[in-house]
Amino acid sequence: MPLRREPTLRQRRLGAEMRRMREQAGLGGSQLARELGLAPTQVTQMENGKIGVSAERLRTVAAACSCSNTPLIEALAEMAAERRKGWWEKYRGTLSTDFLEIAELEANAHRISTWATAYLPGLQQTEAYASAVFSRFAPFIPSHDLDARTTFRMQRKEAVRHRGVPYASFIHEAALRMQFGGPRVLADQLDHLIDDSLAGRISVRVVPFDLDTFPGCGENIMFVEGPVPELATLQMDTVAGCMFFDAQASLGRHRSVFEHLDSSALAEAESREFIRSIGDEMRGKYACESDEGHLILRTTPATFATLLHALKTGEFDHHA
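For the structure given in this document, a descriptive report is provided here. (Residues numbered from 1 in each chain as written. Predicted model: local features only at pLDDT ≥ 70, side-chain atom pairs only at ≥ 80, totals over all residues. Heavy atoms only, no water.)

### Brief notes about the overall build of the protein chain
Spelled out, the test is: A run of H or I in DSSP counts as a helix once it spans at least four residues, and a run of E counts as a strand once it spans at least two, with each numbered from the N terminus. Burial status follows relative accessibility: with a 1.4 Å probe on protein chains alone, a residue under 20% of its type maximum counts as buried, one over 50% as exposed, and anything between as partly exposed. Contacts were defined at the residue level, with two residues in contact if any of their heavy atoms lie within 4.5 Å.
Summing up its helical and strand segments, the protein chain has 13 helices and 8 strands in all. Within the protein chain, the proportion of its 320 residues that are buried is 43%. When contacts within the protein chain are restricted to residue pairs at least 6 apart in sequence, long-range pairs at least 24 apart make up 73% of them.

### Notes on the pattern of salt bridges
Condition: By definition, a salt bridge exists where a carboxyl oxygen of Asp or Glu is found within 4 Å of a side-chain nitrogen of Lys or Arg.
Within the structure shown, the criterion is met by 20 salt bridges. Taking the shortest distance from any N to any O, the salt bridge between glutamate 47 and arginine 22 comes out at 2.7 Å. On the criterion of sequence distance, the pair formed by glutamate 47 in helix H3 (residues 40-47) and arginine 22 in helix H1 (residues 9-24) is long-range, its members being 25 residues apart. Salt-bridge contacts for arginine 255 lead to glutamate 225; the nearest nitrogen and oxygen are separated by 3.2 Å. Here the residue arginine 255 occupies a position in helix H11 (residues 248-264), and glutamate 225 occupies one in strand E4 (residues 221-225), the gap between them amounting to 30 residues. By relative accessible area, which is 23% here, arginine 255 ends up partly exposed. Taking the relative accessible area as the measure of exposure, glutamate 225 reaches 22% and is therefore partly exposed. Through salt bridges with shared partners, a single ionic network connects Arg13, Glu17, Arg20 and Asp246.

Quick look at the structure:
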């Protein structure tokens, strides 16, 4: 069987869980190889995701390691039996592996929670906002790469919504105020967040500046629950790219972060009003704008009628 050149995130995770089983059993790679009748190199390749593992072989490994966690074994056996290719594979060679692995992670999610501090979560971005976020990178990316990244993000968003994955989104006020694309793009984006919340697709909750503590880390993170708690994954955005964590200690720490967020963030209705107020503020920033030398005044119908009457009669209220 030829070795995989680039195992996917899910293939690497299956191998990592097999390694954990072996280590928890106190077995070395050579010892497990003897138990299975394999060469030690094959055990190494399985644990690195370089070769495929059948569901039957997975159960044999679990038995050799005296693993009695039946829900975990069955979940891993299901992973081992997978042979389908996801929609994201058509982007392989066009986008970096990071993009594909996030989509693969979301495609197998049983629940998603995000914490956004610098920009709004990718799964809730409008096309204009997403394009503006990608445009911030330096050195600047070519327009065709920008279009591919934006299109891919929109497909990720649609795929998660189509599956109806439970999704809790916690957003810091700082992310709500970052004007990627300018106030008009942000105002439209904030309306989209409100629509998400009202439709019940996503639980959207805000952490305002005036909260007396800062719950969690400073990076944007996504916590993805699997079929069993042991198969959760944490994804973190960093300057160097996205990182994935699956060590139980790290997962435990970040579960605590989301518990803290759940207890401290504004309720959903309060969050919608908070987001709406920032959206109104953004709309005020482009209330007066120039269009080919003409002044456009955005106002309410009642105020416009008053202004029109004053222009016709010359009767202005200088105290208004």
